[in-house]
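# Residue-level structure breakdown
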Amino acid sequence: MSDLKTIQLTDDVCMPTNHFGCAFGDWVGKTDFQGFRPELAWEALSLALDNGYRAFDGAHVYGTEAILGALLGQRFARGELKREELFVTTKLAHPAAPPHVNLSHLRTWDADAVEDVAQRVRDDFAKSLDELHLGYVDLTLIHWPGPFANQDLALARQARKTIWETFGEFLERGATRAIGVSNFSVAHLQQLAEDAPGIKPAVNQVELHPYCRDPELEAYCREQEIALVAYAPFASGAFGMLQDPVLSEIAAAHGVGVGQVVLRWHLQSGRAALPKTSKASRMRSNQDLFGFALDDAQLAAIDGLGAGEPRRTCPDPREIV
Ligand SMILES: NC(=O)c1ccc[n+]([C@@H]2O[C@H](COP(=O)([O-])OP(=O)(O)OC[C@H]3O[C@@H](n4cnc5c(N)ncnc54)[C@H](OP(=O)(O)O)[C@@H]3O)[C@@H](O)[C@H]2O)c1
């Protein structure tokens, strides 16, 4: 029986189930500004390290890898931390964003606009390692299956195959300990298995919270032994989800916060989760998940909140060809 603290990805790689999310900004429309705010990472990531986080979910596009790298470097220098204690994830190949979203063109690209996709992926990966000041990462994911507006399936499949085979090179030379995907639908996973059968993704990182579930995808990943990682586990604070009466009632019954209930639901459902907060007290409570357990009726009640059309903070991966 798993202790819910880790998921075994491969013979050699054990992934923690609670990672600190390293994306800062607003992409759910709470402010006029739509985009990333990496400057917010300095204080939050420093606090997260002080409050015991050792697993970090980053991405080339977030612009926060240099900040995490600098903060880790200070702790390495003081002898307070060793590389082996950390689990660092990066994500590469983020498509170009709509014009109103403030994402750097240096960090986003569409495969049809890039001359040599494999070389672009190698260059972005090298930049991520440089910014992190690390020799290797623990997990590297394809951030999105393809451009948001592309309709050319053959081109999209070829690009995914090329990116995946390039990730295979990183794995081969130990620059990443495991590889996986993010925002992949069942169709994307099936196509990748056909097009590049050599290596199976260890992970699929997708939007997953009580208001956004995809039982078909969850079943497929379970059957294929692809670990599910829930991003935006609190729906990025949107939809009033953290005030939902069902969640509040369960939280009150256990004498814990709604955030703890949501994270415990993820863990007991066999998933890892990536909560992000700027507050030290929430960093502590978001890791304080092992003094209570949800019963089957409570798990089913939370599952039930996600029945029907998912409410998403990010685009629906099923609409990407
Ligand atoms: N693969 C992808 O395409 C993708 C997409 C989106 C996100 N992600 C990953 O997922 C991570 C988390 O996603 P996210 O930042 O969008 O959203 P999130 O973790 O679902 O929610 C963050 C929001 O919840 C609040 N919060 C945190 N802990 C709380 C608690 N215990 N009680 C009440 N409120 C709480 C935070 O506010 P305060 O800061 O004020 O506490 C913040 O407003 C990202 O950082 C990134 O690593 C991946």
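As a reminder, the structure under discussion sits directly above these lines.
This text gives an overview of the structure that appears in the document.

### Some remarks on the packing of aromatic side chains
- On inspection of all chains with the given rule, the structure shows seven aromatic pairs.
- Between Trp164 and Phe167 the ring centres are 6.1 Å apart and the planes differ by 45°, which places this aromatic pair in the tilted class. In this pair, Trp164 and Phe167 both sit in helix H4 (residues 153-172), three residues apart, roughly one turn of the helix. Residue Trp164 shares its accessibility class with Phe167, and that shared class is buried.
- Positioned over the ring face of Tyr136 is Arg83, at 4.0 Å from the centre of the ring.
- The ring of Tyr211 has Arg311 sitting right over it, with the charged end atom 3.8 Å from the ring centre.

### With respect to the site of the ligand
- Close contacts around the ligand come from 30 residues, with Asp57, Ser236, Thr277, Lys279 and Arg282 the closest.
- With respect to the ligand, the backbone of Lys276 contributes an N or O atom lying 3.0 Å from an oxygen atom.
- Across the complex, the protein chains shield 90% of the 920 Å² of accessible surface that the ligand would expose by itself.
- Across the shell around the ligand, the residue classes tally to 14 nonpolar, 10 polar and six charged.

### Notes on the nonpolar core
- The biggest cluster of nonpolar side chains holds 79 residues, and the ones touching the most others in it are Leu45, Phe56 and Phe167.
- In terms of residues, this core owes the most to one element, helix H8 (residues 258-268), which gives six residues.
- Beyond its immediate chain neighbours, meaning those up to four positions away, Phe167 contacts Leu92, Val121, Thr140, Leu141, Ile142, Ile179 and Gly180.
- Membership of the second largest hydrophobic core comes to 20 residues, among which are Leu9, Val13, Ala178 and Val229.

### Here we look at helix H6 (residues 215-224)
- Among the residues of H6, those classed as buried are Leu217, Glu218, Tyr220 and Cys221. Buried residues in H6, looked at end-on, bunch into an arc of 165°, giving them a common side. H6 presents Pro215, Glu216, Arg222 and Glu223 as exposed residues on the side facing more than 90 degrees away from its buried surface.
- Looking one or two residues beyond H6, the residue adopting positive phi is Glu225, at roughly 55°.

### Focus: the packing of helix H1 (residues 41-50) against helix H2 (residues 65-77)
- Running from N to C, H1 and H2 cross one another at 40°; their axes reach a closest spacing of 10 Å. Here H2 runs oblique to H1, going by the angle between their axes. Here H1 and H2 pass one another in a crossing that is right-handed. Contacts from Ala41, Trp42, Leu45, Ser46, Leu49 and Asp50 in H1 reach Ile67, Leu68, Ala70, Leu71, Leu72 and Arg75 in H2.
- In the contact of H1 with H2, the residues fall into nine nonpolar, one polar and two charged.

### Some details on the pattern of salt bridges
- Per the counting criterion, the structure on display carries 19 salt bridges.
- Among the salt bridges present, the one from Asp57 reaches Lys91, with a minimum N-O distance of 2.6 Å. In this pair, Asp57 sits in strand S6 (residues 55-57) while Lys91 sits in strand S7 (residues 87-92), placing the two residues 34 residues apart along the sequence. Each member of the pair, Asp57 as well as Lys91, is classed as buried.
- In this structure, Glu218 engages Arg213 in a salt bridge whose closest nitrogen and oxygen atoms are separated by 3.2 Å.
- Take Arg213: its relative accessible area is 15%, and that puts it in the buried class.
- The structure contains a network of salt bridges with shared partners spanning Arg213, Glu218, Arg271 and Asp303.

### Points about the side chain of Gln298
- With respect to the helices and strands, the residue Gln298 is situated in helix H10 (residues 296-305).
- The class for Gln298 is buried, based on a relative accessible area of 14%.

### Structural notes on the environment of Thr313
- Counting through the fold element by element, Thr313 comes out in the segment after H10.
- Separated by 81 residues in the primary sequence, Thr313 and Ala232 have C-alpha atoms spaced 8.0 Å apart.
- Here Thr313 is in contact with Trp27, Val28, Glu207, Ala232, Ala235, Ser236, Ala238 and Phe239, once residues within four sequence places are set aside.

Thresholds applied
- Residues numbered from 1 in each chain as written.
- Predicted model: local features only at pLDDT ≥ 70, side-chain atom pairs only at ≥ 80, totals over all residues.
- Heavy atoms only, no water.
- Phe/Tyr/Trp six-rings, centres within 6.5 Å; stacked < 30°, edge-to-face > 60°.
- Helix = DSSP H or I, 4+ residues; strand = E, 2+ residues; numbered from the N terminus.
- Buried < 20%, exposed > 50% of the residue type's maximum accessible area, 1.4 Å probe, protein only.
- Lys NZ or Arg CZ within 6 Å of the ring centre and 35° of its normal.
- Near = heavy atom within 4 Å.
- Polar contact = N/O pair within 3.5 Å; in protein donor to acceptor, adjacent residues only side chain to side chain.
- Areas by Shrake-Rupley, 256 points an atom, 1.4 Å probe, with all protein chains shown as cover.
- Nonpolar A, V, L, I, M, F, W, Y, C, P; charged D, E, K, R; others polar.
- Core = buried A, V, L, I, M, F, W, Y, C linked by side-chain atoms within 4.5 Å.
- Contact = heavy atoms within 4.5 Å.
- Arc of directions from axis to C-beta.
- Axes fitted to C-alpha atoms, helices over the stretch in contact; angles between N-to-C directions.
- Parallel < 35°, antiparallel > 145°, perpendicular 65-115°, else oblique.
- Left-handed = near helix turned anticlockwise from the far one by under 90°.
- Salt bridge = Lys/Arg side-chain N within 4 Å of Asp/Glu carboxyl O.

None of this, on its own, says anything about what the molecule does.
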